[in-house]
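Examination of the molecular architecture
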Amino acid sequence: MHHSHRIAVLAAGFIAVALQTFAALEPVEFVGCMTYALSWDGRNPKYGFYSFNSDGSHPFMPVSQIDSDSQPIAYAGGAYGQGRYVCYDVTGTYRSYQVTFYEVDTQTWAPTRSIAMEENYKYVPVDLTYDYRSEIGTLEKGLRNFAADAQGQFWGIAADGKLYRIAKDGTLTLVAQTQYRPTDEYQGATIDFRTGRYFWASNAYDLSMDKWYNYTFTQLLNVDLDNPETPTSTWNFDYMEQVTGLAVLNTRTRTYLCPADAYRQRAGDRHARRKGARNAHHHTR
């Protein structure tokens, strides 16, 4: 290898490490769809898209119209990439419900396109990975949150709080039991492509202090995929906010439509709820 070429390779490596270090230090900017907050007036819910930072220095700020009839709610997951945001909304009742796919303008956060799925859609997507038309194999258990990294590897946390690596044929490989066990409430996750950090907007029990599942905590958790047993809380939400369709806004690497109905779970589980009852939740803290 020529001396000048070796220097160029070393310089490129140094720059890559420096950029990754900088990305790890600066707050991560997110957008997500808020489906509940304890501060809401029961007669005046404020559903919509909100931006916020990973450390809470930039708290929840609405970026879309709030509680508009035309505003989609990403109950069944959302994804951001290449200047587009897509999501699924689910309306109706347990026995009769409608699944709608939306494409959203990321400047105004207003829907620009919608596709109504067949009325009795058997499965409802929980999250989106790559292309909404793609699909992976059937999973042996349900996942409460789900994301893909920059290499296309799927990761997810199940109802018991265990982190799994997900193969594209649907095979689950257990990585570890995390400290938190998610509730049945709405929550979202995404991976920062720059650092590989798995961020989880959680509604969960802390297994280290709550053996009997008496108290739920809503917070943004940073899950180290190499050491996932004890996720780090980067921000405790003030009003039990529930955020779905989580996406990173300030990534500087090429992004793909990440996290299509790659994973689905039966609609009867928790997604088919009336819009009028979206804020009918009971919480303890």
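Refer to the structure above for everything that follows.
The following refers to the structure shown. (Residues numbered from 1 in each chain as written. Predicted model: local features only at pLDDT ≥ 70, side-chain atom pairs only at ≥ 80, totals over all residues. Heavy atoms only, no water.)

**Some points on the packing of aromatic side chains**
Each aromatic ring pair is described using two quantities: the centre-to-centre distance and the angle formed by the ring planes. In total, this model carries 16 aromatic pairs according to the counting rule given. Between Trp40 and Tyr47 the ring centres are 5.4 Å apart and the planes differ by 90°, which places this aromatic pair in the edge-to-face class. Tyr47 shares its class with Trp40; the two are buried. Judged by centre distance (5.2 Å) and plane angle (45°), the ring pair of Tyr205 and Tyr213 falls under tilted. Given a relative accessible area of 19%, Tyr205 falls into the buried group. The class of Tyr213 is partly exposed, set by a relative accessible area of 36%. (Phe/Tyr/Trp six-rings, centres within 6.5 Å; stacked < 30°, edge-to-face > 60°. Buried < 20%, exposed > 50% of the residue type's maximum accessible area, 1.4 Å probe, protein only.)

**What about the sheet that holds strand E12 (residues 172-177)?**
Read from one edge of the open sheet, four strands run E9-E10-E11-E12, paired in antiparallel fashion. Two strands lie at the open edges of the sheet, namely strand E9 (143-148) and E12, each paired on one side alone. Averaged over all adjacent pairs, the angle separating strand axes in this sheet is 25°, with direction ignored. (Pairing = 2+ DSSP bridges. Helix = DSSP H or I, 4+ residues; strand = E, 2+ residues; numbered from the N terminus. Axes fitted to C-alpha atoms, helices over the stretch in contact; angles between N-to-C directions.)

**Remarks on the nonpolar core**
Where a protein is soluble and globular, its nonpolar side chains tend to be buried together. Counting residues in each nonpolar core, the largest one holds 30 residues, and the members touching the most others are Phe30, Phe49, Phe52, Phe60, Tyr85, Leu220 and Leu246. With residues up to four places along the chain from it excluded, the contact list for Leu246 reads Phe30, Val31, Gly32, Phe52, Gly188, Ala189, Thr190, Phe199, Ala201 and Leu220. Among the nonpolar cores identified, the runner-up in size contains 13 residues, and Trp155, Leu163, Ile191 and Ala204 belong to it. (Core = buried A, V, L, I, M, F, W, Y, C linked by side-chain atoms within 4.5 Å. Contact = heavy atoms within 4.5 Å.)

**Some remarks on the side chain of Gln179**
Of note, Gln179 is situated in the loop between E12 and strand E13 (180-182). Within polar-contact distance, the side chain of Gln179 engages the side chain of Asp206 at 2.9 Å. Among residues more than four places away in sequence, those in contact with Gln179 are Tyr205, Asp206, Leu207, Ser208, Glu229, Thr230 and Pro231. (Polar contact = N/O pair within 3.5 Å; in protein donor to acceptor, adjacent residues only side chain to side chain.)

**Examining unusual backbone geometry**
Backbone geometry places Trp109, a non-glycine residue, at a positive phi of 55°. Within the secondary structure, Trp109 is located in the loop between strand E6 (97-105) and strand E7 (111-116). The phi dihedral of Tyr213 falls on the positive side, at around 60°, and the residue is not glycine.

**Examining the environment of Ala79**
Looking at the secondary structure, you find Ala79 in strand E4 (residues 78-81). A relative accessible area of 1% places Ala79 in the buried class. When the C-alpha positions of Ala79 and Gly32 are compared, they lie 9.3 Å apart, and in sequence the two are 47 residues distant.

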